[in-house]
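Secondary and tertiary structure notes
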Amino acid sequence: MFPKVEESELIKNEFSRLKGICYLDHTGSALYADSQINNVMKDLKTHLYGNPHSTGDPSAACEKLINNIRFNSTLLIARLFFVSSLPRILEHFNTRPEKYTVIFTSGATGALKTVAECFEWDEDDDNTGPKNAISENDAIYRSRGGTFAYTQDNHTSVLGMRELMPTENLLCLTRDEAHEALDNMPSADSFHSTSSRNSLFAYPAQSNFSGTKYPLKWIETCRNGALDLYTGNRVKSRWYTVLDASAYVPCNHLDLGKYKPDFIAVSFYKMFGYPTGLGALLVRNKTGVAVLRRKKYFGGGTVEVVLARNRHHVFKKKFHEKFEDGTIDFLSVVAVGHGLDTLRALAGPMRAVACRTFGLAAYLYDQMSGARHGNGSPVFRVYADTEYRCESTQGGVVNFNVLRANGKYVGYNEVKNLANNYGIVLRVGCFCNPGACQTHLGHTDQELRRNQEVIGHVCGDHIDLIDNRPTGSVRVSFGYSSSESDADTLYNTLVEQFWQNNSMAPVDRPQISIEEYNKMDLRVSRIFVYPIKSCGAYETDEWELEPYGFKYDRSWAVVSSSGVCMTQMEEPKLCLVKPYFDLKSGTMTLVYAGESQQTLIQ
């Protein structure tokens, strides 16, 4: 059904360092190419770049190169410097500096935080007047007509924006609610707002959980008051959109000549792997500049004048200079130009990359959807919002959990450890998208709070199953360097390791709640403590309990020379290491094959 995707020799040569590694975490980070890094290093070794806030030719050259990458301007630097042919950021997104301004940030999260801190909810909510003229309570009261709306399927960084919003009107939309509210354009005479209230809608161009692509036409329907119409707001707002494009732009063409969000957040390492720690906020000049005015903090390079003994400062007039506090990571900005150049040379047109990565995801999705154990039960539970039939609605991501023949889930950490042993790089957990994770896994708010408060489960820990229900999932994602063999490697490895020829029907056992357990007459017959992860147990009749379990349990681990924690998956003989405690002397003795070593415990 889908065209076969081959890996070119050029791509193989550019990523030869993988050496058989199957890399399937392109949504986590793109891979940098060999030629990309070589070009960056050659540039830095050939040319002298100084702090753009300093004076002299090296600083002037650096500032001009940064402006070239930022503004699409023609660069001609005399003497020791060079004519740049590097592609520019705005050019990559099919727009011009007259339309959008680029503000460099620490990443997409920094871009979103800038919008949250500086968005003006009321046309009078400005920071240019007397500092004590408007109290915080007054600002909150005046902004009650404004709304911060966001989709449930959003990165944690978007959810964090609401904590900085001086408005009590929050609207969280499920996927179905968002489609209902925004799919249809309001009639021209339905909404014409002259209100001083400003509202903000945040959503991802592509979900980093499932790869679902959300319609970019929502930008215009939101601007025309669709969310006021949906919520029945009596006080109409001027609506603005912040588009989290960090999961979208690595494999898709964001055409800002066609779609015009007010704010766009991107991270460059997700696009081409290097540099890390650098992103951008793109602000639409026609609409976004006027409402990004509540900036309070200022650092070096953002002000025209500031008094030390009196509370007085004046921000710089150039819009982007007001927001780039301190010296930007100027050498990383230089590297962005080479990253865009590499992306254009190796990946080709971004529309072709979108088709390529979608085809790989659809190929894997079809394989997983049809996989069955010997008893007919599914091998995989795939979490998807589409059926992978259209590139315009689905990106190159497949999210899933593995099932045993009896219907029970395989913990995602077991899948991760197995994948590591077979040289497959993937990601597990909730991927900093708690809303999508909760929706697809079917957890209630009460269950999630109980998991944290009672059981102690937190983001990123080792608890992947609670009452045989997964706390997260497995995500694989494709990039322009991926091939069909990557999808086959993953699928064949998982089926080979987890497929069961079990003739029994899946067992449907009722779940027992904690309250029911508390009513049962249970007795502890033996106690085992495992002080060293993956090593043997220490058996005892009694042991001290701490808030998170037995004292000393899993307090230590065996690490390799490179500092990586080792388990029985890598070294099965760890189970032969037996611990013995002498609590009076505060020592633990480890015994292996008749040899012992005494260790002081703290």
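The paragraphs below set out a description of the structure included in this document. Because the structure is a prediction, the values reported are computed rather than measured.

Cut-offs and rules
Residues numbered from 1 in each chain as written. Predicted model: local features only at pLDDT ≥ 70, side-chain atom pairs only at ≥ 80, totals over all residues. Heavy atoms only, no water. Helix = DSSP H or I, 4+ residues; strand = E, 2+ residues; numbered from the N terminus. Buried < 20%, exposed > 50% of the residue type's maximum accessible area, 1.4 Å probe, protein only. Areas by Shrake-Rupley, 256 points an atom, 1.4 Å probe, with all protein chains shown as cover. Pairing = 2+ DSSP bridges. Axes fitted to C-alpha atoms, helices over the stretch in contact; angles between N-to-C directions. Contact = heavy atoms within 4.5 Å. 1 Å grid on protein atoms, 1.4 Å probe; cavity = no way out; pocket = protein on both sides within 12 Å on 5 of 7 lines; lining within 4 Å. Points joined across faces, edges and corners; volume = space filled by probe spheres on them. Polar contact = N/O pair within 3.5 Å; in protein donor to acceptor, adjacent residues only side chain to side chain. Parallel < 35°, antiparallel > 145°, perpendicular 65-115°, else oblique. Left-handed = near helix turned anticlockwise from the far one by under 90°. Nonpolar A, V, L, I, M, F, W, Y, C, P; charged D, E, K, R; others polar.

**Quick word on the overall build of the protein**
Scanning the protein from N- to C-terminus turns up 19 helices and 25 strands. The burial tally for the protein puts 49% of its 602 residues in the buried class. Here the protein has roughly 30200 Å² of accessible surface; of this, 51% comes from carbon and sulfur atoms.

**Re the environment of G110**
In this fold, G110 is placed in helix α5 (residues 108-118). We classify G110 as buried; its relative accessible area is 15%.

**Considerations on the sheet that holds strand β6 (residues 238-244)**
Taken in spatial order, the 7 strands line up as β2-β8-β7-β6-β5-β3-β4 in an open sheet, and their pairing is mixed. Sheet topology places β2 (100-105) and β4 (170-173) at the edges, where each strand pairs with a single neighbour. Each strand axis lies, on average, 15° off the axis of its neighbour in the sheet, ignoring direction. Relative to strand β8 (residues 279-284), strand β7 (residues 263-267) is paired through 5 bridges, and the arrangement is antiparallel. Directly across from V266, in β8, lies its bridge partner A280. Lying on the sheet, α5 is in contact with β2, β5 (198-204), β6, β7 and β8; it crosses β7 at an angle near 155°.

**A few points about empty space enclosed by the protein**
Over the atoms, a rolled probe matching the size of one water molecule traces out where space is still vacant. Counting across every chain of the model gives 2 cavities of 30 Å³ or more. For the largest cavity, the calculated volume is near 130 Å³. Taken together, 20 residues form the lining of the largest cavity, with T27, Q206, A247, C251 and F478 sitting closest to its centre. Of the residues forming the lining of the largest cavity, the biggest block, 3 residues, is contributed by helix α14 (residues 350-370).

**Looking at the side chain of H47**
Tracing the backbone shows H47 in the loop between α2 (34-46) and α3 (57-71). Residue classification places H47 among the buried positions, given a relative accessible area of 17%. Polar side-chain contacts of H47 include one of 2.9 Å to the side chain of D43.

**Quick look at the packing of α3 against helix α13 (residues 330-347)**
Two numbers describe how α3 lies on α13: the axes approach to 10 Å, and their chain directions differ by 45°. Classified by the angle between their axes, α3 and α13 sit oblique to one another. Crossing of α3 against α13: the hand is left-handed. Between α3, through C62, L65, I66 and I69, and α13, the contact on the second element is made entirely by F330, V333, V334, V336 and G337. When its residues are assigned to classes, the contact of α3 with α13 shows 8 nonpolar, 1 polar and no charged.

**Topic: the environment of S332**
Its place among the elements puts S332 in helix α13. Spatially, the C-alpha atom of S332 lies 9.9 Å from that of I66, the residues being 266 residues apart in sequence. Once you skip the residues sitting within four places of it in the chain, S332 turns out to touch P275 and L278. Looking at S332, its side chain comes within polar contact range of the side chain of D329, at 2.7 Å.

**Points about α5**
Counted residue by residue, α5 has 8 buried out of 11 residues, so it is predominantly covered. Among all positions of α5, only A108, G110, A111, L112, T114, V115, A116 and C118 are buried.

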